[in-house]
Amino acid sequence: CEPWLELFIFFLKGEIFEKQLFSLQQIQILLYDPLLSTGALSFFSSGEINEYNEYEEEDENIQHNSISPLKIFEEMKTIHPELCSPISEILTKLAEYNLVTNDLISHLWSLHSVQHSSDLSKFFVIFSSISTTLPVEQIPVLVSKCVNPEKGCETEEWLKFLKTLAENIGKRAIEDDSFSII
């Protein structure tokens, strides 16, 4: 499972949209397949993958960088609307196993200001989905980000998203004031 995930992450870093979409879809399949999910979750929880420079020759003296597999999401500068659904599914599964960090949530939320207004509903699905599985102690971080969009980003789509977020959080047994903040 690990070599496939490393290959998919390699494709995800590329510039070709079709490869990025395919990679995310395959990662999603691996995470949700009952026979493969343990290996996929282990890969994401291990905390590091090898990052190779494509111009380096194989040499035992060369140091290779190890990075977190989740770093790929932290390096995104924008998210194409068609990538939102698989990203949402992947992060929802990873959140269930406490693998989504507050820094990742913050970074992804910061991308709402660069999304086109017609794509916001697809983008917000990422956050409404992870709110269903995110550990309870991280919900206040998610809510504090979501209720404070960038100036000028208070749109009808954002209000609809807040409604969905409140419904999702309201269904969970959370004993803090996250629901009331929304």
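Residues numbered from 1 in each chain as written. Predicted model: local features only at pLDDT ≥ 70, side-chain atom pairs only at ≥ 80, totals over all residues. Heavy atoms only, no water.

Peer 1: Tell me what's going on with the environment of lysine 163, and back it up with residues and numbers.
Peer 2: Looking at the secondary structure, you find lysine 163 in helix 9 (residues 156–170). A C-alpha to C-alpha distance of 8.1 Å links lysine 163 and isoleucine 182, two positions 19 residues apart in sequence. (Helix = DSSP H or I, 4+ residues; strand = E, 2+ residues; numbered from the N terminus.)

Peer 1: Explain the packing of helix 6 (residues 102–110) against helix 7 (residues 120–130) residue by residue, including any values.
Peer 2: Contact geometry for helix 6 and helix 7: axes closest at 10 Å, N-to-C directions at 155°. Our classification of the angle between helix 6 and helix 7 gives roughly antiparallel. The handedness of the crossing between helix 6 and helix 7 is left-handed. Between helix 6 and helix 7, the contacting residues are Ile105, Leu108 and Trp109 on the first element and Phe123, Phe124, Phe127 and Ile130 on the second. For the contact of helix 6 with helix 7, the class distribution of residues is seven nonpolar, no polar and no charged. (Axes fitted to C-alpha atoms, helices over the stretch in contact; angles between N-to-C directions. Parallel < 35°, antiparallel > 145°, perpendicular 65-115°, else oblique. Left-handed = near helix turned anticlockwise from the far one by under 90°. Contact = heavy atoms within 4.5 Å. Nonpolar A, V, L, I, M, F, W, Y, C, P; charged D, E, K, R; others polar.)

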